Amino acid sequence: MLNSKIIGVGHYVPERVITNHDLEQWMDTSDEWIRERTGIITRHWVKEGDTVSGLGLEAAKKALDHAGLKAEDIDFIIFASMASDHDFPGAGCFLQEKMGLPGVPSMDIRNACTGFIYALSTADKFIKTGTYKNILVVGAEIQSTGLDLSTRGRDMAVLFGDGAGAVVVTATEEKDKGILTTHLHADGRFAKKLWCEWPSVTHHPRITKEMCETDRIYPKMEGRFVFKYAVTYFPQVVQEALEATGYSVEDIDLFIPHQANQRITEAVAQRLGLPWEKVVSNIHKYGNTTAASIPIAMSEAFQEGRIKDGDLVCLAAFGAGFTWGSVLMRW
Ligand code: UT7
């Protein structure tokens, strides 16, 4: 029986830093409100011409270096993102072209903030069934170009950042290392609690000049509603992973949650009874980078020496859909 194990991690964020004070110039908001309600101080936004596959490529190169592999060693790419370089195809094919891997399968996963968990879980299954040996899993996002930067859109605009993280997952015969369990969930009854309505195929044509003059082309969220479900489902799906493997919260060495809001992360840690030193939080620097947030946080935690050989590492996410999920692994 093969196991799947992460052997390389890397991340990349665009150079352009946007502070809360920068946002104050464009909309009626304040550094104080953003820090208190979200914990965010800065986020990185792309410049004109940047692509989400390009961000993914930079992260992928670092993950490959760390794994000691070359692009040609990759036999499957999974790209988690809400964005693509163009309306279609998905960013996975644009990344595959940039990596010079014609013929290698490339799959896109569009599960918002839970995208990376869905992608890693998919990679795990393809490895455990013996289908592929080395899988590149990327979580990358460009949110900044789709936000309403006026006061009308301030509740969403202050939250999001751009960036990418990547991991190389490989097949191993080691029995006690690697991904131990993965758990995925969705509840489409709440799809419209966090969504972007237009463009939409229900309209003929799907995008019009008139649409662009309304706020319905921008992402919308019922913040408090989403918050309530996030702090319920995050701990639940972590407990599910622990129950499946027979571990308890005390066994977790490091918890890497999707970075949605500092207050959500603190509430989840408290509900689980996890001491803060076991929790990774970098939202103050990057904001919410959707599918990129977990691999960026994992890569930083690794660089900072916070993940050591043999550690029990737990990942969890919650986001639009609603979707949520967890991964428990022995590093
Ligand atoms: O990653 C996917 C999952 N996402 C999440 O889990 C996010 C969950 N939700 C949240 O993190 C929080 O609900 C937010 C950070 C989005 C909002 O924080 P909140 O404490 O729930 O604020 P609120 O939406 O209830 O708004 C409070 C007030 C409102 O004014 P009134 O009605 O009290 O006068 C808003 O209009 O804050 C106002 N407000 C702002 N003020 C300054 C909303 N956005 C801003 C802003 N700057 N950017």
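None of the values given here were measured: they were computed from a predicted structure. (Residues numbered from 1 in each chain as written. Predicted model: local features only at pLDDT ≥ 70, side-chain atom pairs only at ≥ 80, totals over all residues. Heavy atoms only, no water.)

Trainee: Would you take a moment to explain the overall build of the chain for this structure?
Mentor: Along its length, the chain carries 10 helices and 13 strands. Relative to the 2.2 N^0.38 estimate, which gives 20 Å for 331 residues, the radius of gyration of the chain is 19 Å and therefore close to what a compact globule would have. Oriented by its inertia axes, the alpha-carbon framework of the chain measures out at about 55 × 45 × 35 Å. Across the 331 residues of the chain, 55% fall into the buried class. Accessible area of the chain: about 14500 Å², with a carbon and sulfur share of 51%. Here the chain contributes 34 positive and 43 negative side-chain charges, whose respective centroids are spaced 3 Å apart. (Helix = DSSP H or I, 4+ residues; strand = E, 2+ residues; numbered from the N terminus. Rg over C-alpha atoms; globule rule 2.2 N^0.38 Å. Buried < 20%, exposed > 50% of the residue type's maximum accessible area, 1.4 Å probe, protein only. Areas by Shrake-Rupley, 256 points an atom, 1.4 Å probe, with all protein chains shown as cover. Lys, Arg positive; Asp, Glu negative; His and termini not counted. Charge placed at Lys NZ, Arg CZ, Asp CG, Glu CD.)

Trainee: Is there a simple way to explain the site of the ligand in this structure?
Mentor: Residues in contact with the ligand amount to 22 residues; listed here are only the nearest, T29, R37, R224, N261 and N288. R224 is positioned such that a nitrogen or oxygen atom in its side chain is 2.5 Å from an oxygen atom of the ligand. Within the complex, the protein chains bury 75% of what would otherwise be the 960 Å² of accessible surface of the ligand. Elements with a minimum of two residues in the shell around the ligand: α2 (31–38), α6 (154–157), α7 (223–245), α8 (262–272) and β12 (312–319). Residue composition of the shell around the ligand, grouped by class: 10 nonpolar, 7 polar and 5 charged. Both domain 1 (3–172) and domain 2 (178–330) contribute no fewer than three residues apiece to the shell around the ligand. (Near = heavy atom within 4 Å. Polar contact = N/O pair within 3.5 Å; in protein donor to acceptor, adjacent residues only side chain to side chain. Nonpolar A, V, L, I, M, F, W, Y, C, P; charged D, E, K, R; others polar. Domains from an automatic or database assignment.)

Trainee: Whenever I open this one, the pattern of salt bridges confuses me. Can you help?
Mentor: Pairing between side chains of opposite charge can happen when the charged atoms of each approach one another. Following the criterion strictly, the structure yields 17 salt bridges and no others. Among the ionic pairs, E174 bridges to K5, the shortest N-O distance being 3.0 Å. One end of the pair, E174, is in the loop between β7 (163–172) and β8 (178–186); the other, K5, is in strand β1 (residues 3–12), and 169 residues separate them in sequence. Between D50 and K47 there is a salt bridge; the shortest N-O distance is 3.0 Å. The exposed category is assigned to K47, whose relative accessible area is 54%. (Salt bridge = Lys/Arg side-chain N within 4 Å of Asp/Glu carboxyl O.)

Remember, this is a structural readout, not a statement about activity or role.
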